[in-house]
Amino acid sequence: MAHHQPPNAPILISFPDSNELVDSLAKFIAKAQKDAIDKKGRFTIALSGGSLPKMLRGLIGNPQIKWAHWQVYYVDERVVPLDHPDSNHRSCKEHLFSKVPIPDENIHAIDPTLLNDLEELSDAYEKTLIHEFAQKDAARFPVFDLILLGMGPDGHTASLFPGHELLAEEDRWVAYVDDSPKPPPKRITFTYPVINHAARVAFVAAGKEKAETLTTILDHPEEGLPSSRVKPAFPGQLYWFVDDAAASKVAFPRTPFQL
Ligand SMILES: O=C1O[C@H](COP(=O)(O)O)[C@@H](O)[C@H](O)[C@H]1O
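The chain is annotated in an unreviewed UniProt entry as 6-phosphogluconolactonase from Psilocybe cubensis. Taken directly from UniProt, the Sequence similarities (unreviewed entry) text for the chain runs: "Belongs to the glucosamine/galactosamine-6-phosphate isomerase family. 6-phosphogluconolactonase subfamily." Its UniProt record gives the chain a comment under Catalytic activity (unreviewed entry), which states: "6-phospho-D-glucono-1,5-lactone + H2O = 6-phospho-D-gluconate + H(+)".

### Things to note about the sheet that holds strand E5 (residues 146-149)
The 6 strands lie next to each other as E1-E9-E8-E5-E2-E3, forming an open sheet whose pairing is parallel. The two strands at the open ends of the sheet, each matched to only one other strand, are strand E1 (11-15) and strand E3 (70-74). Strand-to-strand, the axes of this sheet are offset by a mean angle of 20°, without reference to chain direction. Summarising the sheet, E1 and strand E9 (residues 237-243) pair through 5 bridges and their orientation is parallel. Bridging from a neighbouring strand, Leu12 pairs with Trp240 of E9.

### Side note on the pattern of salt bridges
Evaluation of the coordinates by the stated rule reveals 12 salt bridges. With a shortest N-O distance of 2.9 Å, Lys31 and Asp35 are connected by a salt bridge. Placement of the pair is Lys31 and Asp35 together in helix H1 (residues 18-40), with a separation of 4 residues, close to one helical turn. With a relative accessible area of 28%, Asp35 lands in the partly exposed category. Note that Arg187 is salt-bridged to Asp76, the shortest N-O span being 3.8 Å. A residue pair is termed long-range when its members are at least 10 positions apart, and Arg187 in strand E7 (residues 187-190) and Asp76 in strand E4 (residues 76-78) qualify at 111 residues. The same class applies to Arg187 as to Asp76, namely buried. One network of salt bridges, in which partners are shared, links Glu119, Asp123, Glu126 and Arg172.

### A word on H1
Over its 23 residues, H1 extends 32 Å from the first C-alpha to the last, a length consistent with the 33 Å expected when each residue adds 1.5 Å. Considered for burial, the residues of H1 that qualify are Leu21, Val22, Ser24, Leu25, Ala26, Phe28, Ile29, Ala30, Ala32, Gln33, Ala36 and Ile37. In this structure, the buried residues of H1 make contact with E1, strand E2 (43-47), E3, E5, strand E8 (200-205) and E9. Its side-chain oxygen 2.9 Å from the backbone nitrogen of Asn19, Asp17 forms the N-cap of H1. Just downstream of H1, Gly41 is the residue with a positive phi angle, here 80°.

Analysis parameters
- Residues numbered from 1 in each chain as written.
- Predicted model: local features only at pLDDT ≥ 70, side-chain atom pairs only at ≥ 80, totals over all residues.
- Heavy atoms only, no water.
- UniProt positions renumbered as here; feature names shortened; annotations may be inferred.
- Pairing = 2+ DSSP bridges.
- Helix = DSSP H or I, 4+ residues; strand = E, 2+ residues; numbered from the N terminus.
- Axes fitted to C-alpha atoms, helices over the stretch in contact; angles between N-to-C directions.
- Salt bridge = Lys/Arg side-chain N within 4 Å of Asp/Glu carboxyl O.
- Buried < 20%, exposed > 50% of the residue type's maximum accessible area, 1.4 Å probe, protein only.
- Expected span 1.5 Å × (residues − 1).
- Contact = heavy atoms within 4.5 Å.
- Polar contact = N/O pair within 3.5 Å; in protein donor to acceptor, adjacent residues only side chain to side chain.

Have a look at this one:
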């Protein structure tokens, strides 16, 4: 029986293995970058940590990528020094930025002098976003060209965890948690209004250990797991880039990859 999807429904693209996923993800990012640079001369992207940075290896040595035009932010960050093994910034540097010619000033990490004050730290990061976005248009929330997300085994995304009060945050752009169930406990994170205002949002998930959670998120969004609450407002579009192992239990219809 054909599945009828509402307009603006998530687009699920599944690849036989993670190398094909990596290659197609790089093409998708290159296209988002080109569209943004053609339109306004810069590309605003927000990255997650966890398993995502390694999946960005298709960007290394890719002649289509115009690194000087990238402005990179972090969807969430663990409140640790920037060279700490738990830091999402450190992971992105290790797996990507140390291997490509991106200017340091185009990468917007948290302020490492504010690690002892979560309120100030998240305020300061929000101001970094305001500096990028609010001066150019008076939008209530920033409109990123692309936000890349991961999905944890409990269905969390960014540092938005199941049952947490931050799931209901409607005003702040950046908020903090000091009770993350996944260590480390202190983090800052984009809120849903920021994620859901992006032009494109793409989850990246690979491996059979993600299969059970992925079917809950895509086939049973009514359960309200944090990753199911990512619903970019029109004309924003949500994509899921997954491998067949992660998609093995999902009934939600697949879409062939096309740019
Ligand atoms: O703690 C975090 O977890 C999520 C998911 O990580 P993954 O390893 O399962 O992909 C990640 O997206 C987030 O940035 C990170 O802080």
